[in-house]
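# A closer look at the structure
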Amino acid sequence: MASKQQSQQDEPHGVDLDCIQFSCSVCLDLLKEPVTIYCGHSYCKSCIEHCWDGEEEKGEYSCPQCRETFSHRPVLRRNNMLAEVVNKLKSTKSTCPSLVYASPTDVACDFCCGIRIKATMSCLTCLASYCPTHLEPHYSVAVLKKHELVAATVSIQEKMCTKHSKLKELYCEQDEQLVCSLCTVDEHKGHGCVSASALKDKAKNQLALNQRKIQDKVEKKEKKLKELSQAEESLKSSALISLNDCDKIFDELISSMQRKQSEVKQLIKAQEKTATAQVEDHQSQLKEEITKLKRTYAELEKASDADDLIYLMQHLSTSWDSPDGSPGAPPQRSFKDITECLSELKDKLEMSLKETWPMISATVSYVDFSLPPAPSSREELLRYVYPLTLDGTSNYRYLHLICENRRMRPSPGQASAHLDRFTKFPQVLCREGLSNRCYWEVEGHARILSVAVAYKNISRTSDESQFGKNDKSWSLDCTADGFLFCHNNVETKVPGSGLCKIGVFLDYKAGTLCFYRVSDPMILIHQVQTAFIQPLYPGVGINYEWYDTGVFAQLVKLW
């Protein structure tokens, strides 16, 4: 007995350490090379240095948790005792669950302090929600093992009666709402009520019925999809034939024009040869006549000097004034007339093409492959995913692009100057211009996350260059308090709240722009119906302060 007591005394008495208590509030992971700053809060050394690097230009540094400010950048020294505790925690609790940050739509653990950690289970006895770490006693303590646990899909407060602070365990069929047991003796007295478990069975049966209906719709849509695929193949085959015919007809037309060109050139050369020969004949004849006339002139000149009357009379009787049979001067002709004829032919062909082209264009446009109905689920939207990249020549000078130009974050260093760069507001356009059906998603962490589309010629330097503040862009601003849509400097408040992942669907030809809250099912936040006159370029903007931590925005990679 004494040896047993001695053995128990020799065993070390450890402390049940909590992973969350030794986690960095910036990266939400166990502390790595922990440092403690003047206000008493501890961080990973690299995390707090990164935060303070962003505040370097302000010359003032703050604690990300309590916001206490320091005029001089504190010197960071390793907290050796805290480092040993963290190492001990890592070695003794290798199965410590990883921390998951709770989004605005998630249920947060009621026992995590300082940071919102996602709860996985809720206890209907304790009336609280727990993360995996704080849930552990419900699996190890005998008394807590008897408590009823359910998945933390909704806040435990939503399951509580606000009037009596009791769990809603009954369903009032008359008022169609969940109530607690005290409600049945109060305002719901005499109403028909059933237990939540019975209602759950009924709901499951209804869900099963809904599943069968959805399955029927899926089969019908799959059949329609098959028909559309067949129609698409037929259209592609027809288009290929038309393209080949187009090449053939235009090739024949070009060949015909080339033949006519060759014929006209041969005619010109032949006519040039004939006309040249005629000119040469005329020239020879004229030269011969000129020679004869000159000879007669010489003889007459000689006779005029003689004194013999008989000699003079003989030359007077000489017939030199014979009829002039030589050709006269030809009319001034040239091949300029042919050029004018060809120009007239060209004008007629262009006029004919101009008159015929609208009919050709209308005929081609008539061959229209009807688009399917607007997508109604994320699965259907994902069919139109379009790969996008942020344009490194348009980003605001203090935004740094990373992750293959899909993610941006604030940076104290300035980007190089470029004519397309936004100079007034922290925003950036994508490289790709869209003019069809396209879908993409954007997520981020900032005071304001702007998800937008804009024309390429949007202003880059004026005060109206901010997304939504002009007639060349459409923007949905997302904040913790709600959504705000803006176009041409006209703002429209949109119901909903919370920073979340935003899905954007563009049907360019239909003039439809839709913003969704990415969830299951998808929630339509706002829809725009207009006529777009230029290709649209997706854009992303953020609003932040330099001391804000974890600020970023990115295009979600769906391809």
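Residues numbered from 1 in each chain as written. Predicted model: local features only at pLDDT ≥ 70, side-chain atom pairs only at ≥ 80, totals over all residues. Heavy atoms only, no water.

With that out of the way, let us pick up the overall build of the protein chain. In terms of regular secondary structure, the protein chain is built from ten helices and 23 strands. Relative to its full complement of 559 residues, the protein chain shows a buried share of 30%. At a minimum sequence separation of 6, the contacts of the protein chain that also span at least 24 residues come to 54%. (Helix = DSSP H or I, 4+ residues; strand = E, 2+ residues; numbered from the N terminus. Buried < 20%, exposed > 50% of the residue type's maximum accessible area, 1.4 Å probe, protein only. Contact = heavy atoms within 4.5 Å.)

This next bit is on unusual backbone geometry. Residue P521 is bonded to the preceding D520 through a cis peptide linkage, with omega at 5°. Relative to the elements of secondary structure, P521 occurs in the loop between β20 (512-517) and β21 (523-529). Non-glycine residue E176 carries a positive phi angle of around 55°. Of note, E176 is situated in the loop between β8 (170-172) and β9 (177-179). For E176, a relative accessible area of 59% translates into the label exposed.

Moving on: the nonpolar core. Proteins that are soluble and globular tend to have nonpolar side chains buried together. Residues W440 and I502 are the most contacted members of the largest nonpolar core, which totals 42 residues. Residues within four places of W440 in sequence aside, it is in contact with L388, L434, V453, I502, G503, V504, L506, P538 and L555. Core analysis: the next-biggest nonpolar cluster, separate from the first, contains 18 residues, L30, I37, I48 and F70 among them. (Core = buried A, V, L, I, M, F, W, Y, C linked by side-chain atoms within 4.5 Å.)

Let us now look at a nonpolar patch on the surface. Taken together, F250, L253, I254, M257, L342, L345 and L349 make up a surface patch of nonpolar side chains, about 620 Å² in accessible area. The set of elements that each furnish at least two residues to the nonpolar patch consists of α7 (196-303) and α9 (336-366). It is α7 that provides the largest number of residues to the nonpolar patch, a total of four residues. Assignment of secondary structure puts L342 in helix α9. (Patch = residues over 30% accessible without salt bridge, like charges linked within 9 Å, V, L, I, M, F, W, Y side chains within 5 Å. Areas by Shrake-Rupley, 256 points an atom, 1.4 Å probe, with all protein chains shown as cover. Salt bridge = Lys/Arg side-chain N within 4 Å of Asp/Glu carboxyl O.)

Looking now at helix α2 (residues 45-53). Those residues of α2 lying buried are C47, I48, C51 and W52. Looking straight down α2, one finds that the buried residues subtend no more than 130° of arc, so they occupy a single side. Summarising the geometry of α2, the exposed residues directed more than 90 degrees from the buried face are S46 and H50. Summarising the contacts, the buried residues of α2 are in contact with β1 (34-36), β2 (42-44), β3 (61-62) and β4 (69-70). (Arc of directions from axis to C-beta.)

A separate point is the sheet that holds strand β12 (residues 407-410). Read from one edge to the other, the open sheet built from seven strands follows the order β11-β12-β23-β14-β19-β20-β21, with strand pairing classed as antiparallel. Edge positions in the sheet fall to β11 (399-402) and β21, since each has one partner strand and no second. The mean angle between the axes of side-by-side strands here comes to 20°, regardless of whether they run parallel or antiparallel. Two elements, β12 and strand β23 (residues 552-555), share two bridges in a ladder whose sense is antiparallel. Bridge assignment links M408 to a residue of β23, and that residue is A553. (Pairing = 2+ DSSP bridges. Axes fitted to C-alpha atoms, helices over the stretch in contact; angles between N-to-C directions.)

Our focus in this paragraph is the environment of Q427. Here Q427 lies in strand β13 (residues 427-429). Take Q427: its relative accessible area is 3%, and that puts it in the buried class. Residues Q427 and Y396, 31 residues apart in the sequence, show an inter-C-alpha distance of 5.7 Å. Setting aside residues up to four positions removed in sequence, Q427 forms contacts with S394, N395, Y396, L399, F422, S465, Q466, F467, V540 and G541.

With that settled, consider the side chain of S122. If you trace the backbone, S122 turns up in strand β5 (residues 121-123). One polar contact links S122 to S129, side chain to side chain, over a distance of 2.8 Å. (Polar contact = N/O pair within 3.5 Å; in protein donor to acceptor, adjacent residues only side chain to side chain.)

Glancing now at the sheet that holds strand β6 (residues 128-130). Taken together, three strands build an open sheet; the order of strands is β6-β5-β7 and the sheet is antiparallel. Bordering the open sheet on either side are β6 and β7 (149-151), each of which pairs with just one other strand. Between one strand and the next, the sheet's axes are offset by a mean angle of 35°, whatever the strand orientation. By the bridge criterion, three bridges tie β5 to β6 in an arrangement that is antiparallel. In the sheet register, M121 faces β6, and the bridge partner there is Y130.

Another point: the side chain of D477. Its place among the elements puts D477 in strand β16 (residues 473-478). One buried charged residue, D477, forms no salt bridge at all, with the nearest opposite charge on K469 at 6.1 Å. Here the side chain of D477 touches S450 through a polar contact of 2.7 Å, side chain to side chain. Within the structure, the side chain of D477 is placed 3.2 Å from the side chain of S475, a separation counted as a polar contact. Apart from the residues lying within four places of it in its own chain, the contact partners of D477 are I448, L449, S450, G482, F483 and L484. (Lys, Arg positive; Asp, Glu negative; His and termini not counted.)

Summed over the entire model, instances satisfying the criterion amount to 15 salt bridges. In this structure, E350 and K346 form a salt bridge, with 3.7 Å as the shortest nitrogen-oxygen distance. Pair noted here: E350 and K346 are both in helix α9, with a separation of four residues, about one helical turn. Beyond isolated ion pairs, a larger network of salt bridges with shared partners links D53, E56 and R73.

Right, let's talk about the pairing of strand β14 (residues 437-445) for a bit. Among the nine residues that make up β14, seven are buried, leaving the element largely enclosed by the rest of the structure. As defined by bridge partners, β14 adjoins strand β19 (residues 502-507) across six bridges and the pair is classed as antiparallel. Bridge pairing in β19 places R437 opposite D507. Judged from the four bridges that link them, β14 and β23 form a sheet pairing that is antiparallel. Bridge pairing in β23 places H445 opposite F552.

Our focus in this paragraph is the confidence of the model for the protein chain. Averaged over all residues, the pLDDT of the protein chain is 83; the fraction at 70 or higher stands at 87%. Considering only residues more than four positions removed or in separate chains, one finds that residues 1-15, a stretch of pLDDT under 50, has one contact. (pLDDT = per-residue confidence, 0-100.)

Take the state of the cysteines next. Under the counting rule described, the total for this entry stands at zero disulfides. We note that C63 lacks a disulfide partner, and the nearest cysteine sulfur, in C39, lies 3.6 Å from it. (Disulfide = S-S within 2.5 Å.)

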